[in-house]
Amino acid sequence: MEIAGIDIAKLLDTMNARIEALLDRDHRLGHAYFLGISAADDIAQLRQVFTTQVIPLLQEYFFDDWQRIRLVLNDHRKEEPADRFVVERDENIEQLFGHCDLEVPTSKAWRINVEALERPSAYLSIIG
């Protein structure tokens, strides 16, 4: 089945291969998450599955390790920033803590790029 030109079986197989490599075979995504969708030119069904099922499940599997989630979604290789599902949040450290010489490491903050959820090319680039 295809949605907006995206082969759902290939998409699922690709993500599952990455999940298995990063975690284990038992955590692969089941096809049941995609059972309620039907072939369409509109991306809305796939967006719904990703926002309510896939991304929250990946957050749970990887304990909010956004770098690994980005690997599963192939974000690290996407040339077009608008196609990246997970992007670094723009936070000004000085604005948060004031002007000072921080001798404490700070971590990156991440957010879901809602623009990518609307782009068929973002899903296609998961496959590669």
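We now turn to the structure provided with this report. As the structure is a prediction and not an experimental result, all values here were calculated from the model.

## Considering the overall build of the chain
Thought 1: From N to C terminus, the chain includes 5 helices and 4 strands.
Thought 2: Moving toward the C terminus, one meets the helices and strands of the chain in the order β-β-α-α-α-β-α-β-α.
Thought 3: Here the C-alpha coordinates of the chain stretch approximately 55 × 30 × 25 Å along the principal axes.
Thought 4: Each of the 128 residues in the chain was classed as buried or not, and the buried ones make up 36%.
Thought 5: Summed over all atoms, the accessible surface of the chain reaches about 7800 Å², with 47% contributed by carbon and sulfur.
Thought 6: Computed over 14 positive and 23 negative side-chain charges, the inter-centroid distance for the chain is 4 Å.

## Digging into the nonpolar core
Thought 1: Formed by 33 residues in total, the largest nonpolar core has its most connected members in Met-15, Phe-34, Leu-46, Phe-50, Leu-73 and Phe-85.
Thought 2: Those elements that place two or more of their residues in this core are α1 (8–22), α2 (44–61), α3 (66–72) and α5 (120–127).
Thought 3: Residue contributions to this core peak at 8 residues, all from α2.
Thought 4: In this view, Leu-46 contacts Ile-3, Ile-6, Ile-8, Leu-11, Phe-34 and Tyr-123; residues no more than four positions away in its chain are not counted.

## Observations concerning the packing of aromatic side chains
Thought 1: As enumerated under the stated definition, the model contains 3 aromatic pairs in all.
Thought 2: With a centroid separation of 5.1 Å and an interplanar angle of 65 degrees, the aromatic rings of Phe-85 and Tyr-123 are classed as edge-to-face. With Phe-85 in the loop between α3 and β3 (86–88) and Tyr-123 in helix α5, this pair connects stretches of sequence that are 38 residues apart.
Thought 3: On the basis of relative accessibility, which here comes to 0%, the residue Phe-85 falls in the buried class.
Thought 4: Each residue in the set Phe-50, Phe-85 and Tyr-123 is aromatic and connected to the rest through ring pairs, giving one cluster.

## Some details on α2
Thought 1: Between its first and last C-alpha, α2 extends 25 Å over 18 residues, near the 26 Å set by a 1.5 Å rise per residue.
Thought 2: The largest bend in α2 is about 45 degrees, located at Phe-50.
Thought 3: Those residues of α2 that fall on the buried side of the exposure criterion are Leu-46, Val-49, Phe-50, Val-54, Ile-55, Leu-57, Leu-58 and Tyr-61.
Thought 4: At the C-terminal side of α2, Phe-63 shows a positive phi close to 50 degrees.

## Side note on the pattern of salt bridges
Thought 1: All chains considered together, the criterion is met by 5 salt bridges.
Thought 2: Among the salt bridges present, the one from Arg-47 reaches Glu-118, with a minimum N-O distance of 2.9 Å. Of this pair, Arg-47 sits in helix α2 while Glu-118 sits in the loop between β4 (110–112) and α5, placing them 71 residues apart in sequence.
Thought 3: A salt bridge links Asp-83 to Arg-119, with the nearest nitrogen and oxygen atoms 2.6 Å apart. Here Arg-119 lies in the loop between β4 and α5 and Asp-83 lies in the loop between α3 and β3, a separation of 36 residues in the sequence.

Scoring rules and cut-offs
Residues numbered from 1 in each chain as written. Predicted model: local features only at pLDDT ≥ 70, side-chain atom pairs only at ≥ 80, totals over all residues. Heavy atoms only, no water. Helix = DSSP H or I, 4+ residues; strand = E, 2+ residues; numbered from the N terminus. Buried < 20%, exposed > 50% of the residue type's maximum accessible area, 1.4 Å probe, protein only. Areas by Shrake-Rupley, 256 points an atom, 1.4 Å probe, with all protein chains shown as cover. Lys, Arg positive; Asp, Glu negative; His and termini not counted. Charge placed at Lys NZ, Arg CZ, Asp CG, Glu CD. Core = buried A, V, L, I, M, F, W, Y, C linked by side-chain atoms within 4.5 Å. Contact = heavy atoms within 4.5 Å. Phe/Tyr/Trp six-rings, centres within 6.5 Å; stacked < 30°, edge-to-face > 60°. Expected span 1.5 Å × (residues − 1). Bend = angle between axes of the 7 residues up to and from the residue. Salt bridge = Lys/Arg side-chain N within 4 Å of Asp/Glu carboxyl O.

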